[in-house]
Every structure is written in C-alpha cells, then in structure tokens.
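Coordinate analysis (summary)
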Amino acid sequence: MPHDLGPQPAATPQLLRRVNAQAVLGHIRGTDVATGTELMASTGLTRASVLAVCEDLIGRGWIRELDSPRRDDEPAGSARKGRPAKRFELNARAGFVLGIDIGAGTTTAAVADLRGIVIGRSSQSFRAVDIPAEERIGVVDQACRLALSAAGADPGRVLAAAAGIAAPVDRAGKVLASKHFWSLFDVGLRAALKELHGWTVLLENDANLAALGEHWRGSGTGVDDLVVLLAGERLGAGVLESGRLLHGSGGAAGEMGYLDLVEGVGSSDGIASLARQWSAAGGGPATGGVPSARRVFEDAAAGDPAALAILDRISERMARVIATVSSLINPEQLVIGGAVAESAAALLPGIMAALPRFTATPPRVTVSPLGGGIVTIGAIRHALDYVEANALELGLT
C-alpha cells in the first residue's frame with residue numbers, strides 16, 4: 001500500500017536491498033508457499049537477486065525454506081532430475097504487530113501475526129472523555145497488555161504498533177491540537193509506549209486508518225480512488241487518491257468541519273447522533289420514549305412511520321455530505337464505515353436516489369463489512385507496512 005510519505009531518499013545499495021526485501025516479503029505474506037519462479041514474476045527481480053534476498057530474510061528469521069515435495073509418480077529414494085524448485089513460507093509467528101483504536105470513550109487493541117491475522121484483542125473504557133494524559137495512556141497500555149496476554153504473545157516480540165486517534169495527525173506523527181477535543185488525544189503516546197515497552201508506535205488519524213483497512217480487507221479492495229467515511233457520532237473521512245493516503249499540510253485532509261457551512265447539513269454530526277437527536281425531537285418512534293440509534297433503525301425496518309421519516313431525513317443529509325466529498329475529491333467509491341455501517345445499509349437506496357440532485361459525479365456508495373473493527377484492521381495494515389519496509393533493520397534472530 002503506497003502512502004503519502006513525502007520526499008524520498010536517493011537510491012543507494014542499502015535502499016535497494018530494503019526495497020527488494022519489502023517486495024519479496026509482500027508476496028510471500030500474501031500466499032501460503034511461494035516459489036522462486038513466482039517471486040521473480042511478482043517482483044521483477046532476477047533469480048540470483050530473489051535467492052539472495054531470500055537467503056538474507058531466512059538468516060534474519062523472516063521466512064523459512066521448505067523441502068520440495070515429491071511428485072506422486074516419483075519413487076521414494078530415487079535421485080531427482082534437474083534443479084528442484086525452491087519454496088519459501090513466511091515465519092508468521094516470528095513477531096507481532098499491534099493495531100490500536102483510541103476513541104473518546106473506549107480504546108481497543110488487537111494483536112496480529114505477520115500475516116495480519118488477529119490472535120488477541122481487548123477493549124477498555126475511559127472514565128470520562130476529558131481525562132489527564134497519564135490516565136489515557138494507562139488505559140491504552142492496559143488494553144495492549146491484555147490483548148497480548150490473550151494472544152499468548154511476548155510484549156518484547158512486538159515489532160510495531162499503529163494507533164488511530166480522533167484527531168488530525170501530520171506525516172511526522174504530530175497531533176494537530178488546535179481544537180480542545182483534538183488536544184485530548186495529544187498525550188505523548190509514542191514516547192510513553194516506547195519508554196514502557198520499547199515499541200515503535202505509529203500515530204495516525206482514525207479515518208485514515210479506516211481507509212487503509214477498507215482498501216486491504218473491505219469492500220474497497222483494489223479501488224485506489226477511495227473515501228471511507230466514519231459516520232457514527234461524528235463524520236470524518238480517510239482519503240486514498242491513486243492509492244496514496246492524503247494528509248494535507250497539517251494532517252487535516254478529510255476533516256469535516258466545513259459541513260457547518262453546507263446548506264441542508266449544518267454540522268458534522270454522524271448517523272447515530274442524528275438518529276437520537278431527531279428521535280428525541282419527535283418524541284421517539286411509536287414505541288415511545290427516545291430510543292437508541294439502533295432501535296430507530298430496527299423500528300424503521302418494522303415499518304414504524306416516525307422511524308422511517310427519520311431515515312429519510314438522514315438519507316438526504318448524507319447524500320448532501322457525499323456530494324460535497326464527490327465534488328471536491330471525485331472518488332470512484334465512498335464507503336460508509338464504523339460501528340454504524342451495518343445499520344447504514346438501510347440508507348443506501350435513499351442516498352443513491354438523492355445523489356444526482358446534488359452532484360454530477362456521484363461515486364459508488366457502499367457500506368463497510370468490517371464493522372467496528374475497521375480502524376484496528378487499518379492500524380494492523382499500517383504497522384505491517386512499516387515492518388515490511390524495515391525488515392532488514394528489524395531482524396528477528
């Protein structure tokens with residue numbers, strides 16, 4: 001996954017080794033067993049270069065060479081003719097990565113092996129939204145330790161951690177703290193976890209990580225002009241343009257504060273927030289009271305007129321939001337993601353019907369299949385990208 005990495009260093013033999021190692025690891029990670037011939041085809045490297053890279057990676061503990069299997073018609077003990085194909089597999093449990101989603105109310109940590117398979121997870125709640133930095137770090141650290149314990153993974157074998165926060169983060173990992181809410185996440189997490197455990201921590205905006213996760217394992221696989229809209233309590237977008245993650249000069253690309261100025265929208269409130277607000281304003285659906293956002297969608301599915309009217313209002317409002325994104329960025333696909341995604345499927349017909357009224361370039365609109373795990377999945381992908389790019393410096397032996 002290419003990212004918005006800024007100016008690139010000049011080509012050197014050491015850089016070439018790193019790039020070749022990353023290419024070989026990337027292919028081996030995506031398959032159970034890779035042959036030298038397959039690696040040559042996927043990387044464009046010569047046989048000698050592929051074998052040299054593989055020997056280096058074997059020596060550093062990243063991959064293993066497998067014995068060549070005998071054909072069914074090959075007698076046991078017979079001498080083989082020709083040069084047997086070399087076969088390699090990833091040493092997937094040689095190290096681990098952490099993907100962390102840090103929200104206002106809760107944090108979730110997921111541990112994955114080097115194939116990106118999640119093997120441990122833990123969620124912890126914050127006492128309040130506005131808490132001291134040390135307390136927030138302590139809760140995040142506890143979630144990480146519990147996830148590692150659930151995975152049976154040694155904290156010393158964590159090769160990288162990526163953390164998503166609900167604030168803009170620039171390319172250097174600096175939090176834009178110009179709003180009070182954003183400043184709540186500027187707690188010095190990278191330095192704290194480095195001091196506690198020695199981990200390299202990559203800090204990123206949560207919607208940006210959602211875009212990486214959706215591109216990797218969601219409905220946006222293979223789509224390089226992609227926007228993922230986290231749409232639960234507040235709206236925030238992660239943007240991939242030609243496969244590159246956009247940050248902007250201060251990390252605020254994809255922030256949705258401009259919606260305050262958009263006619264028919266007026267705020268960056270998300271789908272769950274609007275469902276509760278409008279249900280409260282109308283006295284709730286026919287079942288009485290002020291239900292949760294989930295209950296509003298359930299009542300609409302059961303045919304409740306008040307709940308259906310709320311969904312119609314949300315659909316048109318979301319169409320206006322998506323139209324502004326489409327007019328500015330022109331993505332091929334826009335994905336509605338986060339914990340609200342499953343419910344948001346009911347909004348798609350209304351959104352698609354309204355979109356042509358607001359934009360001449362409507363994107364394909366889908367909902368994410370990744371649910372509330374979309375940010376941690378993207379964080380795992382981000383951490384794996386770092387690990388693969390630095391494989392020669394992160395030798396495991």
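To start, this report covers the structure provided alongside it. Being a predicted model, the structure only gives us computed values, none of them experimental.

Here's the deal with the nonpolar core
- Ranked by size, the top nonpolar core spans 50 residues in total, and within it V24, I28, L39, L57, W62 and I63 carry the most contacts.
- Considering every element that reaches this core, the biggest residue donor is helix α13 (residues 374-389), with 8 residues.
- Sequence-distant contacts of L57, defined by excluding residues within four places in its chain, comprise A21, V24, L25, W62, I63, A391 and L392.
- Within the second largest apolar cluster, 39 residues are counted, among which are A272, A300, A307 and A319.

Quick word on the pattern of salt bridges
- Evaluation of the coordinates by the stated rule reveals 17 salt bridges.
- A salt bridge links D56 to R60; the nearest nitrogen and oxygen atoms lie 2.7 Å apart.
- Note on R60: relative accessible area 24%, which makes it partly exposed.
- In this structure, the salt-bridge partner of D299 is R295, at a minimum N-O distance of 3.1 Å. A residue pair is termed a helical-turn pair when its members lie 3 or 4 positions apart in one helix, as D299 and R295 do in helix α9 (residues 293-301) at 4 residues.
- A relative accessible area of 8% places D299 in the buried class.
- Judged by its relative accessible area of 35%, R295 is partly exposed.

Section: the packing of helix α1 (residues 13-29) against α13
- Running from N to C, α1 and α13 point in directions that differ by 130°, and their axes come no closer than 8 Å. Judged by the inter-axis angle, α1 sits oblique to α13. Of α13, the residues touching α1 (which contributes R18, Q22, L25, G26 and R29) are R381, D385, E388 and A389.
- By residue class, the composition of the contact of α1 with α13 is 2 nonpolar, 2 polar and 5 charged.

Some remarks on the side chain of N205
- By secondary structure assignment, the location of N205 is in strand β8 (residues 201-205).
- For N205, a relative accessible area of 4% corresponds to the buried category.
- Here the side chain of N205 touches A207 through a polar contact of 2.9 Å, landing on its backbone nitrogen.
- In this structure the side chain of N205 is engaged in a polar contact, spanning 3.1 Å, whose partner is the backbone nitrogen of N208.
- Excluding anything up to four places from it in sequence, N205 contacts G164, I165, A167, P168, V169 and E255.

Structural notes on the sheet that holds strand β6 (residues 118-125)
- Reading across the sheet, the 5 strands line up as β6-β5-β4-β7-β8 and stay open at both edges, with mixed pairing between neighbours. Each edge of the open sheet is held by one strand with a lone partner, namely β6 and β8. Within the sheet, the average angular offset between the axes of one strand and its neighbour, ignoring direction, is 15°.
- In terms of strand pairing, strand β4 (residues 96-102) meets strand β7 (residues 158-165) through 7 bridges, oriented parallel. Considered in β7, the bridge of D101 is made with G164.
- In the packing of helix α6 (residues 189-197) onto the sheet, the strands contacted are β4, β7 and β8, and the crossing angle to β8 comes to about 155°.
- Of the strands in this sheet, β4, β5 (106-112), β6, β7 and β8 touch α13, which is tilted by about 140° from β4.

Topic: the packing of aromatic side chains
- As enumerated under the stated definition, the model contains 1 aromatic pair in all.
- On the numbers, 5.4 Å between centres and 75° between planes, the contact of F181 with F185 is edge-to-face.
- A cation sits over an aromatic face here: R136 above F126, 4.6 Å from the ring centre.
- Its guanidinium or amino end placed over the ring of W278, R313 lies 3.7 Å from that ring's centre, counting from NZ or CZ.

Reading the values: rules and limits
- Residues numbered from 1 in each chain as written.
- Predicted model: local features only at pLDDT ≥ 70, side-chain atom pairs only at ≥ 80, totals over all residues.
- Heavy atoms only, no water.
- Core = buried A, V, L, I, M, F, W, Y, C linked by side-chain atoms within 4.5 Å.
- Buried < 20%, exposed > 50% of the residue type's maximum accessible area, 1.4 Å probe, protein only.
- Helix = DSSP H or I, 4+ residues; strand = E, 2+ residues; numbered from the N terminus.
- Contact = heavy atoms within 4.5 Å.
- Salt bridge = Lys/Arg side-chain N within 4 Å of Asp/Glu carboxyl O.
- Axes fitted to C-alpha atoms, helices over the stretch in contact; angles between N-to-C directions.
- Parallel < 35°, antiparallel > 145°, perpendicular 65-115°, else oblique.
- Nonpolar A, V, L, I, M, F, W, Y, C, P; charged D, E, K, R; others polar.
- Polar contact = N/O pair within 3.5 Å; in protein donor to acceptor, adjacent residues only side chain to side chain.
- Pairing = 2+ DSSP bridges.
- Phe/Tyr/Trp six-rings, centres within 6.5 Å; stacked < 30°, edge-to-face > 60°.
- Lys NZ or Arg CZ within 6 Å of the ring centre and 35° of its normal.

Fair warning: the whole summary comes from geometry, so function is off the table for now.
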